[in-house]
Structure formats: C-alpha cells, structure tokens
Amino acid sequence: MHTRLIRNASTPWRAARLFSSKAEPLTLDTINPKVVEAQYAVRGEIVIRAEGYKKELMQGNTKLPFQEIVSCNIGNPQELHQKPITFFRQVIALVSYPELLDTPQVTELFPEDAVSRAKEYLACIPGGTGAYSHSMGIPAIREQVASFIEDRDGYASDPDTIFLTDGASSAVNMCLQLSIRGSGDGIMIPIPQYPLYSAGIALHGGKQVDYFLDESKKWSTSVQELTRAYDEAVAEGTSIRGLVIINPGNPTGQCLEEENMRDIVRFCNDTGVTLLADEVYQTNIYSTTPFTSFKKVVKDMESECKDVSLVSFHSVSKGFLGECGRRGGYMEVHNIDPEVQMQLYKLASVTLCSNLDGQIMTGLMTQPPKKGDISYPLYETEKTAILNSLKARSVQLVKSLNNLPGITCNIVEGALYAFPSISLPAKAVEAAKKAGKSPDAFYCLQLLDETGVVVVPGSGFGQEPGTFHFRTTILPPPDQMERVTDRMADFHKSFMDKYV
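Below or above, wherever it landed, is the structure these notes cover. If you're wondering where the values come from, they're calculated on a predicted model, not measured in any experiment.

### A short note on the overall build of the protein chain
Consideration 1: For the protein chain, the helix and strand inventory stands at 17 helices and 16 strands.
Consideration 2: For a compact globule of 500 residues, the expected C-alpha radius of gyration is about 23 Å, and the protein chain comes in at 25 Å, within 12% of that figure.
Consideration 3: For the protein chain, the spread of C-alpha atoms along the principal axes amounts to about 80 × 65 × 60 Å.
Consideration 4: When the 500 residues of the protein chain are sorted by exposure, 51% land in the buried category.
Consideration 5: A separation of at least 24 residues holds for 72% of the contacts in the protein chain among residues at least 6 apart in sequence.
Consideration 6: Summed over all atoms, the accessible surface of the protein chain reaches about 23,200 Å², with 53% contributed by carbon and sulfur.

Okay, here's the thing in structure tokens:
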C-alpha cells in the first residue's frame, strides 16, 4: 500500500496513515557487526586518552606530570618535526596554484626544474589538481612509476598494471575486498602484523590466518611456519586467498634476505596463493641487508616459478618523504588475470580516482631530481640527512631499551619502529587482569599517564601467546628522543619496582 501525503492549511505535509513499524535506530547492536569486530590499535584507546591530554595541555593544565605528548604510536614523521623535501613541496605549490607560473618572479622564487616539472604535470591534467583523473591514476605518472620500477628491478613494468591510490592502505583494502568471498576465505598475515590487515580482513568478512615471525632469529619468516599455517587452515576448510609479507617489517623492523624471499616465492608457486608484498618502507634501510623487491625476485625465478601472482604496494607516507597527509601511493599487479584486473579497475572507479596531490607526490617520489638538475644537490642533502638521522636514532633507541631490565629488543634493520619484548612481573599481569586490560596495554597506559609518551601495546599487532611487547617509533628528533628514552627508563624502573 502506498502512503498518501495530505496537507491542510494548518499542517505541513504528513503521512495519511501510520507505518506498521519503524526502522531500527543505529546502535552497536544494529550496525554491521564486522565494523564492531574490526580493531585498529595504532589509533585505539591509548591514542584517544592521549588526545584528551593534548587538549588539557592546550588549555593550560600544569598539573599533569608531563608538558608534552610525544606520539610514538604511529609512523607520522612530520608530526614529529621531520622536514619535507623542498623540491617536492615546491612542485606541489606550483601545481596547486598555477597562477604562480605566470608571474615574472616565478624563477626567482622557485628553481627552474621545479617550474618545468610543475608545467609537465599541469599539461597532463588540463583541469588542474581540482579535477578528477583517470580512475587508475594520471597516465603520465603511472609511466613515471613504471620507469622507477624498471630502474629498481631491471625488468620492464607496464603502466597499465599500476594503480595510483590514496596511500597503500586503500590499495590493500581493494585487494582484500576483491579476494575475500566470505568467512571461508583466509588471508595469511604475519604475527606481529600491521593492524590494517587484521581490520581489513574482519571488515570484509574473511578469516585471519596467522603465521608467526621468529623473534629469536631477528623476526625471520620461515617457510616451515608458512606451511604449518597453510596446512592447518586448509584442514579446517579455509581457502587461502593471499599471503601478506611486510618487508621491511612493521612493527618488527626486519629486512628479508633474498634467499628467504626466494623460498617464499616457491611457497606461493607451489600453493597457488597470491603474494601481497607490502614494501612501503623500502628506502628505510639501516642494516647491511639491502632491500630487494618481490617483483625482482619473482622475475628472477620466472623459469622456475612461472605461476606466481603478485601485488606490490608502495607509499609516499614513509621512506624519507613522510608525506602521510598527502595520501599517495601505488600498487603494481603482476601475473594477474586481465579479467580480474578489470574488476580492480571497477573498484577504483567506484571512488572515481585517488586524490591528485597524492598522485603527483607519488610521481615525485619515483622520479626525484637527477644528477645535473638544479635541485639535485639540495635533494640529496635533505634525503641523506633524514636517513642518516633515522639510522642513528634507531641505534640510540634500541640501545636504551636493551639497557632496561626485563626488556629485550632486536636491532632495527629497516622501517620506522622498534618492537621490544617486556617481561612483566606476575603482580603486574594480575593487576592488568583486574583492570580488564591485556598486560602490555596496562603497561602502555601507565607509561602514557606518567610520561606523555604514546606507544602501542603488542597485543594490538598480535604476538606469541604468553609474550608481551610494545611498538614505538624511531621518529622523535634527536633532542626529543633523549628525553623520551629518559622518561621511559624512569617509568620502567618505577613500574617494575611497584609490581615486583
């Protein structure tokens, strides 16, 4: 029965009859349960409490036991005072306000190569950065990304297999959405892992299949452990749809040896599992183990392992750029069925396109100033200074952590984090249980309350049962890093004495 609307002189339009029932209001019990189930620890309870402290400090509260909040919970370099790369920001400024290019003083304010690069980009986007682009991204920038991949790996890359995305996160979610058909489909993820993966799997209704990294061997990935996780999941009726490898590791900071990567590729070839390679920290290398892309390893092994499907992710948020707020990144699909790739294109089309500032920053990341360019010397100086400083801070942080009783921490070979193990006293574990918290979250909440330092409990990333960890970034600048490690040391001693 249709509802008739009537109106008289004294009332507005109203329904001529009562509805048989009302729609359910949005409550935790009525919204999508997959959203409720999903957890994202790096922006969870501790961060919410830290935001409250920030507001109190801004309002002049001097009664807190600290004067600042130090956000070591997330890889957000520029929040912790890392300076942006000058050339990249110059180009972004010019493409965002093209009228600057028409002023006589433009070459006095900007170097010639920044001006010419901005003009090149604007020629590819006639509507400017406020217009939509192709759903896979600006073709000219996809060509730049393909050229970067070819130079890095020594193998050709097809721009038509590259999607420019709003950071790597949106690309990962597209792949999870594409792969997971229902609760019987599983994605293998490392433990510890970055919570993007566990949250994405939960949101799309799949099954998280854990494989454990070996902390005693610098957080290594063993094929024996991959095989155990795969076989157990398959025996339970789970269809494995993808294997996530994070290299360099987040939160664990390890770099994979190439021989280890070859074993992983063989595993994917033998099982038919699609390899999802998270390589967003590929320029954050502090050890003697160089970064090697899975694309290169897969191509090197093509005669032996010709059936491996691979999706690789990269981002402008990490490395030495730290342009997290630009939300730029890409994924390259390799050996993926063309019809499946068209479905990825459809998913990209649903959101029309990724943001253009992020696309342009991705182009700049993959094609920075070259030797002989006007901006090259400054670019190299800025890049080298950031990477050298990050390496020094990683050494300083790990040394400080390993000096604390009950804490052990592997060296940070790459990425932006340390993931120390904490041996907590039995009384602390019992107190955490009474407070309704996991023991490591209990520790991290008290660390925040007493020092203003924000870290993430290991339970938010997954860990071997019976072990406790936390993740902290290496990003605070040198002078602040010393204050952070001093505060952590004082807190840790006090905490351990309290619960001994």
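### Some words on the pairing of strand β7 (residues 239-246)
Consideration 1: The buried fraction of β7 amounts to six of the eight residues, a majority that puts the element mostly inside the structure.
Consideration 2: Sheet topology places strand β5 (residues 185-191) next to β7; four bridges connect them, and they run parallel. Bridge pairing in β7 links isoleucine 187 to glycine 242.
Consideration 3: The pairing of β7 with strand β8 (residues 274-278) spans five bridges and is classified as parallel. Residue pairing across strands places isoleucine 246 opposite aspartate 278, the latter belonging to β8.
Consideration 4: Once you follow β7 into helix α10 (residues 258-271) and on to β8, the crossover reads as right-handed.

### A closer look at unusual backbone geometry
Consideration 1: The omega torsion across isoleucine 191 and proline 192 is 5 degrees, close enough to zero to call that bond cis.
Consideration 2: Its location among the elements puts proline 192 in the loop between β5 and α8 (195-203).
Consideration 3: Cis geometry is found at the peptide bond from asparagine 250 to proline 251, where omega equals 20 degrees.
Consideration 4: For lysine 218, which is not glycine, the phi dihedral falls at a positive 55 degrees.

### Focus on the pattern of salt bridges
Consideration 1: Taken as a whole and judged by the stated rule, the model has 25 salt bridges.
Consideration 2: In this structure, arginine 152 and aspartate 153 form a salt bridge, with 2.8 Å as the shortest nitrogen-oxygen distance.
Consideration 3: Assessed through its relative accessible area of 23%, arginine 152 is described here as partly exposed.
Consideration 4: Note that aspartate 300 and lysine 296 form a salt bridge whose closest N and O atoms lie 2.8 Å from each other. Highlighted residues: aspartate 300 and lysine 296, both in helix α11 (residues 294-300), separated by four residues, approximately one helical turn.
Consideration 5: For aspartate 300, a relative accessible area of 29% translates into the label partly exposed.
Consideration 6: You can call lysine 296 partly exposed: its relative accessible area is 25%.
Consideration 7: When salt bridges with common partners are traced through the structure, they connect Arg89, Glu323, Arg326 and Asp357 into a single cluster.

### Here's the deal with helix α5 (residues 112-124)
Consideration 1: A rise of 1.5 Å per residue sets the reference length of α5, with its 13 residues, at 18 Å; its end C-alpha atoms lie 19 Å apart and thus fit the reference within 8%.
Consideration 2: Listing the buried residues of α5 in full gives Asp113, Ala114, Val115, Arg117, Ala118, Tyr121 and Leu122.
Consideration 3: For α5, the elements touching its buried residues are α3 (86-96), α4 (106-109), α6 (139-153) and α13 (356-366).

### Regarding the sheet that holds strand β16 (residues 470-473)
Consideration 1: Taking strand neighbours across the sheet as the criterion, the three strands line up as β12-β16-β15 in an open arrangement whose pairing is antiparallel. Strands at the two margins of the open sheet, each flanked by one partner only, are β12 (417-418) and β15 (456-457).
Consideration 2: Both β12 and β16 contribute to a ladder of two bridges, which runs antiparallel. Directly across from tyrosine 417, in β16, lies its bridge partner threonine 473.

### Side note on the sheet that holds strand β4 (residues 162-165)
Consideration 1: What the seven strands build is an open sheet, ordered β4-β10-β9-β8-β7-β5-β6; its pairing is mixed. Only two strands of the sheet have a single partner each, and these edge strands are β4 and β6 (207-212). Here the average twist between neighbouring strands, direction ignored, is 20 degrees.
Consideration 2: Contacting β4, β5, β7, β9 (310-315) and β10 (329-334), helix α7 (residues 167-179) runs over the sheet at an angle of about 155 degrees to β9.

### Focus on α7
Consideration 1: For α7, built from 13 residues, the straight-helix expectation of 18 Å at 1.5 Å per residue is met to within 8% by its first-to-last C-alpha distance of 19 Å.
Consideration 2: Along α7, the residues classified as buried are Gly167, Ala168, Ala171, Val172, Met174, Cys175, Leu176 and Ser179.

### With respect to the side chain of glutamine 90
Consideration 1: Counting through the fold element by element, glutamine 90 comes out in helix α3.
Consideration 2: Taking the relative accessible area as the measure of exposure, glutamine 90 reaches 16% and is therefore buried.
Consideration 3: If near-sequence neighbours (up to four positions away) are discounted, glutamine 90 is found in contact with Phe110, Pro111 and Ala114.

### Points about the nonpolar core
Consideration 1: Core analysis: the largest hydrophobic core is formed by 111 residues, its most contacted members being Phe313, Met331, Leu364, Tyr443, Phe470 and Phe495.
Consideration 2: Residues within four places of leucine 364 in sequence aside, it is in contact with Phe87, Phe88, Val91, Ile92, Arg117 and Tyr121.
Consideration 3: Counting 31 residues, the second largest nonpolar core, distinct from the first, contains Trp219, Phe267, Ala277 and Leu310.

Procedures and definitions
Each chain carries its own residue numbering, running from 1 in the direction its sequence is written. In keeping with the predicted nature of the model, local features appear solely for residues at pLDDT of at least 70, side-chain atom pairs appear and are counted solely at 80 or more, and the whole-chain, interface and lining totals rest on all residues. Hydrogen atoms and water are omitted, and side-chain values are computed over all heavy atoms in the structure. Where helices and strands are cited, they refer to DSSP runs of H or I of at least four residues and of E of at least two residues respectively, numbered from the N terminus. Based on C-alpha atoms, the radius of gyration is set beside the globule rule, defined as 2.2 Å times the residue count to the power 0.38. Three labels apply to residues, based on accessible area from a 1.4 Å probe with only protein chains included: buried if under 20% of the type maximum, exposed if over 50%, partly exposed otherwise in between. When checking whether two residues touch, look at their non-hydrogen atoms; a contact exists if any pair is within 4.5 Å. The Shrake-Rupley method, run with a 1.4 Å probe, gives the accessible areas here. Residue values count only the displayed protein chains as cover. Strands pair, by our definition, only if DSSP identifies at least two bridges between them. Seen with its strands pointing away from the viewer, a crossover is right-handed when the path leading from the first strand over the helix to the second is clockwise. Should a side-chain nitrogen of Lys or Arg be within 4 Å of a carboxyl oxygen of Asp or Glu, the pair is scored as a salt bridge. Here the expected span of a helix is defined as 1.5 Å times the quantity of residues minus one. Simply put, an axis is a line fit to the C-alpha atoms, just over the touching stretch for a helix, and the angle between two N-to-C directions goes from 0 to 180 degrees. What is meant by a nonpolar core is a set of buried Ala, Val, Leu, Ile, Met, Phe, Trp, Tyr and Cys residues, joined one to another through side-chain atoms within 4.5 Å.

Without other data, these values stay purely geometric and don't point to any function.
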